[in-house]
Amino acid sequence: MKKHVVASKILTGALAVAMVASVPAMNGINAKADDKVEISLYTTVPGHDDDFEKFCADFMEANPDITVNYIAYDSSEKQKWMTLYASGEAPTVSLMDAVDIRENIANMAAYDLDGDDSWIKDQVDDSNLAIFKDENGSVYGVPNSVQSMGLIYNKTTIEKATGEEFDPSTIKSNADLDALCQKIQDGGVSPIMFTGVDWSLGSHFLSQVFNGIQGDEEAQKAFIDSVKDGSAELKTNDAWNGVMDTFDIIAKYNYNANDPLVGNTELDGQAMAKGDVAMWFMGDWGWSYLESVANADDEYGIMPCPLTASADDAVNQELAVFPAKGYCVDGSQNDEAQQAAGKKLVEYLTIERAQDMSDALSIALPFKNVDVTVASPLANVTQAYVADGKVQSTYAFSALLPSDFWSENGAVMQQYLTGQMDRDAAADAIQAYWQAQ
Amino acid sequence: MKKKKNEIKLFCEFVIPPMLIWASIVVLPLIYGIYLTFTNWNGLSPDFDLVGFTNYVAIFKDKTFLSSLWKTFVYVFFVVVFSNVLGLALALLLTYGIKLQGLFRTCFFAANMIGGVVMGYIWNYIFSFALTKVGAVTGWGLFQKSWLTSPGTALIALIVVAVWQLSGYLMVIYVAGLTNVSQDMLEAARIDGANGRQLLRYIKIPMIRSSVTICVFMAISRAFMSFDVNLTLTAGGPFKSTELLALKIYQTAFSNFDYGKGQAEALVLFVIVAIISLVQVSVSKKGEVQA
Amino acid sequence: MEAKKRSNTIVVFIIVLLLAVFFIIPFFLVILNSFKTSPDFVANPFSFPDVLHTENYETAFNTMNFLNSFKNSILICVIATGVSVVLSSMNAYVLTRKKWKITKAFYMILIAAMVVPFQVIMIPLVKLYGSGLGLTNNIWLVTFIHIGLNIPSPTFLYSGFITGVPVELDEAALIDGASPERTFFSIIFPLLKPITMTNVVFVALSIWNDYILASTLLSLKEVKTLPLMTYAFLTTKSADYAPMMAGLVLTMLPVMILYLFGQRYIIEGIVAGSVKG
């Protein structure tokens, strides 16, 4: 007779039970047996969950006292990181952009370069660690790769169009680039393209104004400070105008000129593989778009994007190489045993599995004492430039640009590309961005 | 005395559990969330400071916030108008008594069966690949460029997709309202010589005023909260021209590590929507025919 | 007169048919292209596949870890929908029948809460329950939160419906000596069936399609729901359009089936009274 009341009580009761019952179940997962350390790895590399899971499994096999929970890639990278922290599940090891690590530096554990982590000093050149340091010089990140940005070229396409042998070292100024584009166009092939997305235009292309063209790290810092306080005017700055002249050249011959903001790297990769277009402002990671579609006989490479009119400016021949994403270790929600295990995992992923990592991610590596053959032809070129020392500083790009730089100024560059803003207006907008920082 | 005791018991059994669960999930975090708007927390750091109304002041000085707010108003206006007009039109057509009515209703409602994220993706393919293909084959200028690459058409694309989904939802409610319109009354009016237009104007529309109230309320709140489709269809682009408020909030809080400010923006959005829907509901309630 | 009505019906039918085509063409394209190869899709989204490439479904099925994520989604969806709908009906019953100050106030607060943007409560929610109680990667927590989030709108719809149920029914049962609880469950609740079905479909759809809540609380693969896996699949396989289409179809399928079962009730339920609210 009281059946229904009972039913309603059971229902509400069941909820409470479910909540309570689930607590021990959870603890079961989290519980640390005395001799076992449980850690977690979070990466922001899309499309490689399987590879990382495999690495973790191998690591656990080699270190039976450590369990690694791999946190799958999530497209909302930073939000995911924040919620992990907010929920008390801060990953022991995270693979993040340098600028994100800096935002979270209060939670991070520094590497002990003079102690257990001295391998980092032996393996990683100081120039590749600079962006992961705080003011006191403590290191909070280990880069997992070096990448380059510049002009990808399809040598075969260029030579077919111009009828001449192509040597990238002959492109010493933006005038040379213009001439080359003209020659390719006369040969009936579209010379070059932009992928009109904000990260490529706003972060990669625009960062060239603040990078090596300004000089070393200190000079880059000083330039940005002067833009911020207004003592330098971007509009009349030589670096800005040189870089934008190059921009205009690429825009003039742009394969995507009909609809410049489509911004589909896959379609652009296919166009390049088909031989419809000869050069592409992108980076050596562009191989991942080309790899599956590229003609096996075609020869690909990447070269520096010339930034000034003078053939004497060394920067025109220096590739913009930067340490991409770094492994950082959490010190706020992970105890010392976990931190130590995490650092061990970092060494394992970077050094011990260097070759596998390079193969899996098609990347060049920043480690001095590992012998790795890089499969990606573009990453190979990057490595060659590094070996020759023909690289420009990208300190500003990695360490000085705020985390919303690419989206805010990417919007400006897109408007410039579509002709909705002239060069001075773009300069003013970017300067205004800096002054609001 | 016993009755009162019984009523309290009933209240405790029937109202307290759902309200308690709801409050623990919505009210408690909301209060904590309001507190966070007065801080400079970056979303990660273990410590943060109270900064008073700094975030709110910053919002109203922020030109990008104000322009996003303006765009959101434009978007909401068109979505609310078109989805209601189309929803009502569909409902009228689908209560006309044609064959396969049920099947058609299912077709129009279908868009509501999939999540916004997935829907944004589907339409992204359609605008980027299918329609440009149509443009290339037919030579129609309208479709030769992707709609997602210039500011005006990208906003239109967002509105089209929102209307496409919402009108099917509203149609269901309008169909319900129309079916409620008494057949006797329609018959009587018809015998008095009223034509189709007059039936609509003087009988159907007044009788479904309450459906209009509900539908406009739903359209307003849904349109203001648009996030998923915005993210996967245009991601705010090109050059932030379609960054509606909900997406803007997300960017501020999570991409720019400015959690306190993002939270404050979200609260401003909440207050705006609450005021607008309150005004709308009370105004249109006044105009409703007492049924 | 009859002939005119008939020709009108035909015109209406044709208009509706054309509109319907416009409304379902996106689904048609997704299904069509899920059987093609990616290059075929890019070349011409409207062409028919030469061979049925069912391997797309295999790829999608495996990459999305379909069975496991399906199980998680179903579990969360069924339990949360059931509990929230029943609790809402009880809530609405008392809030509508008893004209006290507190019931009126509760009702108004619930309506106002329907427009709270989820972002406002997201991080606090995670901080309170995830960090405070250590309940991350717990599908029961997600279920519980869904129940809480889905109290206001079903209560709102029920309330309109219950107003239309004659109070005399309650009074008669009470005079017969039934307790108010029993009156509700054995007399009133069965009468609410149409609106219950409507609420079940609406609530289940919103929970099934939820992305943002699940993404904030579930990070381990074993506990992820179908939308999470679909989205991961969509964003990581950026070049492979055809399997993506297959993934989309797989995600939509269960919902379509649910809707086909419930659709009769949706309209019926709303017709029967909720609109009067």
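Above this text you will find the structure in question.
Let me sum up the structure you'll find in this document. (Residues numbered from 1 in each chain as written. Chains lettered and ligands numbered in written order. Predicted model: local features only at pLDDT ≥ 70, side-chain atom pairs only at ≥ 80, totals over all residues. Heavy atoms only, no water.)

Things to note about the overall build of chain C
Tallying secondary structure elements over chain C gives 14 helices and 0 strands in all. Starting at the N terminus and ending at the C terminus, chain C contains elements arranged as α-α-α-α-α-α-α-α-α-α-α-α-α-α. For chain C, the residues scored as buried account for 58% of the 277 residues in total. A separation threshold of at least 6 residues defines the contact pool for chain C, and within that pool the share at least 24 residues apart is 73%. Summed over its atoms, the accessible surface of chain C is roughly 11000 Å², and 70% of this surface lies on carbon and sulfur atoms. Across chain C, the 18 positively charged side chains and the 14 negatively charged ones have centroids separated by 8 Å. (Helix = DSSP H or I, 4+ residues; strand = E, 2+ residues; numbered from the N terminus. Buried < 20%, exposed > 50% of the residue type's maximum accessible area, 1.4 Å probe, protein only. Contact = heavy atoms within 4.5 Å. Areas by Shrake-Rupley, 256 points an atom, 1.4 Å probe, with all protein chains shown as cover. Lys, Arg positive; Asp, Glu negative; His and termini not counted. Charge placed at Lys NZ, Arg CZ, Asp CG, Glu CD.)

Digging into the overall build of chain B
Regarding its fold elements, chain B presents 14 helices and 0 strands. Across its three principal directions, the C-alpha atoms of chain B cover 80 × 75 × 30 Å. Expressed as a percentage of its 291 residues, the buried residues of chain B come to 58%. Taking the average place of the 23 positive charges on the side chains of chain B and the average place of its 13 negative ones, the gap between the two points comes to 7 Å.

Things to note about the interface of chain B and chain C
Each side of the interface is counted separately: chain B has 85 residues, and chain C has 90 residues. Of the roughly 8100 Å² buried at the junction of chain B and chain C (both faces included), carbon and sulfur atoms supply 82%. Counting across the chain B and chain C interface gives 2 salt bridges. Where C:Glu181 meets B:Lys9, a salt bridge forms, and the shortest distance between an N and an O atom there is 3.5 Å. For the pair chain B and chain C, the interface holds 5 residue pairs in polar contact (both at pLDDT 80 or more). When residues of the side of chain B that touches chain C are assigned to their parent elements, the largest contribution, 13 residues, is made by helix α2 (residues 16-36) of chain B. (Buried area = accessible area lost by both parts, 1.4 Å probe. Salt bridge = Lys/Arg side-chain N within 4 Å of Asp/Glu carboxyl O. Polar contact = N/O pair within 3.5 Å; in protein donor to acceptor, adjacent residues only side chain to side chain.)

Overview of the pairing of strand β2 (residues 66-71) of chain A
Residue and element names in this part refer to chain A. When you tally the buried positions in β2, you get 5 out of 6 residues, the bulk of the element. Relative to β2, strand β1 (residues 37-43) is paired through 6 bridges, and the arrangement is parallel. Looking across to β2, one finds that Leu-41 is bridged to Tyr-70. Of the crossover connections in this fold, the one passing from β1 over helix α2 (residues 49-62) to the parallel β2 is right-handed. (Pairing = 2+ DSSP bridges. Right-handed = clockwise from strand over helix to strand, strands pointing away.)

Some words on the interface of chain B and chain A
Contact with chain B, which involves 24 residues of that partner, is made by 31 residues of chain A. Between chain B and chain A lies a buried interface of about 2300 Å² when both sides are counted; carbon and sulfur atoms form 63% of it. The largest share of the area that chain B buries against chain A comes from B:Leu44, B:Phe239 and B:Phe257, three residues that together contribute 30% of it. Counting the contacts that link chain B with chain A gives 1 salt bridge. Those elements that provide at least two residues to the side of chain B that touches chain A are α1 (2-14), α2 and α13 (245-255) of chain B. Counting residues per element, the side of chain B that touches chain A draws most heavily on α13(B), which supplies 4 residues. The residue makeup of the side of chain B that touches chain A, split by class, is 12 nonpolar, 8 polar and 4 charged. (Nonpolar A, V, L, I, M, F, W, Y, C, P; charged D, E, K, R; others polar.)

Observations regarding the environment of A:Tyr73
Residues and elements named next belong to chain A. With respect to the helices and strands, Tyr-73 occurs in the loop between β2 and α3 (77-86). For Tyr-73, a relative accessible area of 7% corresponds to the buried category. Measuring from C-alpha to C-alpha, the distance between Tyr-73 and Asn-174 comes to 40 Å, with 101 residues separating the pair along the chain.

Regarding the pairing of strand β7 (residues 277-283) of chain A
All names here are of chain A. Counting buried residues along β7, 7 of its 7 residues qualify, which places the element largely inside the surrounding structure. The sheet contact formed by strand β5 (residues 142-154) and β7 spans 5 bridges and is antiparallel. Pairing of Gly-150 across the sheet is with Met-282, part of β7. In the sheet, strand β6 (residues 190-194) pairs with β7 via 4 bridges, with the strands oriented parallel. Paired with Ile-192 across the two strands is Met-279, which belongs to β7.

So, the layout of surface pockets
Estimated volume of the second largest pocket: approximately 1300 Å³. As for the second largest pocket, its lining consists of 42 residues, and the residues nearest its centre are A:Asp404, A:Glu408, A:Tyr433, B:Asp62 and B:Thr64. Taken together, the elements giving at least two residues each to the lining of the second largest pocket come down to α4 (98-103), α17 (395-400), α18 (405-417) and α19 (423-435) of chain A together with α3 (54-61), α4 (63-93), α13 and α14 (259-287) of chain B. (1 Å grid on protein atoms, 1.4 Å probe; cavity = no way out; pocket = protein on both sides within 12 Å on 5 of 7 lines; lining within 4 Å. Points joined across faces, edges and corners; volume = space filled by probe spheres on them.)

Side note on the packing of helix α4 (residues 66-97) of chain C against helix α10 (residues 180-191) of chain C
Residues and elements named next belong to chain C. Where α4 contacts α10, the two axes come as close as 12 Å, and the packing angle between them is 100°. Here α4 is positioned roughly perpendicular relative to α10, judged by the angle of their axes. In this structure, α4 uses Ser-89, Met-90, Tyr-93 and Arg-97 to contact α10, whose residues at the interface are Thr-183, Phe-184, Phe-185, Ile-188 and Phe-189. (Axes fitted to C-alpha atoms, helices over the stretch in contact; angles between N-to-C directions. Parallel < 35°, antiparallel > 145°, perpendicular 65-115°, else oblique.)

Some points on empty space enclosed by the protein
Under the definition given, this model contains 9 cavities of 30 Å³ or more. Each pocket or cavity is described by its volume, and for the second largest cavity that value is around 110 Å³. If you go around the second largest cavity, you meet 14 residues; those closest to its centre are B:Gly115, B:Val118, C:Asn209, C:Pro227 and C:Thr251. Elements supplying a minimum of two residues to the lining of the second largest cavity: α6 (116-138) of chain B together with α13 (226-236) and α14 (241-271) of chain C. Grouping the constituent residues of the lining of the second largest cavity by class yields 8 nonpolar, 5 polar and 1 charged.

So, a nonpolar patch on the surface
All names here are of chain B. A contiguous nonpolar patch, built from Phe-77, Phe-78, Val-81, Phe-82 and Val-85 and spanning about 450 Å² of accessible area, is present on the exposed surface. Relative to the elements of secondary structure, Phe-78 occurs in helix α4. On the basis of relative accessibility, which here comes to 33%, the residue Phe-78 falls in the partly exposed class. (Patch = residues over 30% accessible without salt bridge, like charges linked within 9 Å, V, L, I, M, F, W, Y side chains within 5 Å.)

A closer look at the pattern of salt bridges
Residues and elements named next belong to chain A. Inspection of the entire model under this criterion finds 23 salt bridges over all chains. We note a salt bridge from Lys-121 to Asp-114, for which the minimum N-O separation is 3.1 Å. With a relative accessible area of 42%, Lys-121 lands in the partly exposed category. What makes Asp-114 exposed here is its relative accessible area of 71%. For the salt bridge of Asp-245 with Arg-423, the shortest nitrogen-to-oxygen distance reads 2.7 Å. Of this pair, Asp-245 sits in helix α11 (residues 238-253) while Arg-423 sits in helix α19; the two residues are 178 residues apart in sequence, bridging distant segments of the chain. Here Asp-245 falls in the partly exposed class, since its relative accessible area comes to 33%. We classify Arg-423 as buried; its relative accessible area is 16%.

Some thoughts on helix α5 (residues 101-109) of chain B
Of all 9 residues in α5(B), 7 are buried; the element is thus mostly enclosed. If you check which residues of α5(B) are buried, you get B:Gln101, B:Phe104, B:Arg105, B:Thr106, B:Cys107, B:Phe108 and B:Phe109.

A word on the packing of aromatic side chains
A complete count under the given rule lists 59 aromatic pairs over all chains for this structure. Here the aromatic rings of A:Trp287 and A:Tyr300 are separated by 5.7 Å at their centres, their planes lie at 65°, and the arrangement is edge-to-face. Highlighted residues: A:Trp287 in helix α13 (residues 287-290) and A:Tyr300 in strand β8 (residues 300-303), separated in sequence by 13 residues. Judged by relative accessible area, which is 12%, A:Trp287 ranks as buried. Between C:Tyr93 and C:Phe184, the ring centres sit 4.7 Å apart and the planes meet at 40°, which makes this aromatic pair tilted. With a gap of 91 residues between them, C:Tyr93 in helix α4 and C:Phe184 in helix α10 connect regions that are remote in the sequence. (Phe/Tyr/Trp six-rings, centres within 6.5 Å; stacked < 30°, edge-to-face > 60°.)

Side note on the side chain of B:Asn55
Residues and elements named next belong to chain B. Relative to the helices and strands, Asn-55 is located in helix α3. With a relative accessible area of 8%, Asn-55 lands in the buried category. Other than its neighbours up to four places away in sequence, Asn-55 contacts Thr-37, Thr-39, Gly-260, Lys-261 and Ala-264.

Overview of helix α11 (residues 193-208) of chain C
For α11(C), which comprises 16 residues, the first-to-last C-alpha distance of 22 Å matches the rise-based estimate of 22 Å (1.5 Å per residue) to within 8%. Within α11(C), 12 of the 16 residues are buried, which leaves it mostly tucked inside the rest of the structure. (Expected span 1.5 Å × (residues − 1).)

Describing the nonpolar core
Core analysis: the biggest nonpolar cluster contains 204 residues, and B:Phe14, B:Tyr75, B:Phe108, B:Tyr125, B:Phe127 and C:Leu192 have the highest contact counts within it. Examining the composition of this core, we find that 17 residues originate from one element, helix α8 (residues 151-180) of chain B, more than from any other. Setting aside chain neighbours within four positions, we find C:Leu192 in contact with C:Tyr158, C:Phe161, C:Ile162, C:Val165 and C:Phe184. Within the second largest apolar cluster, 119 residues are counted, among which are A:Val124, A:Phe194, A:Ala278 and A:Tyr289. (Core = buried A, V, L, I, M, F, W, Y, C linked by side-chain atoms within 4.5 Å.)

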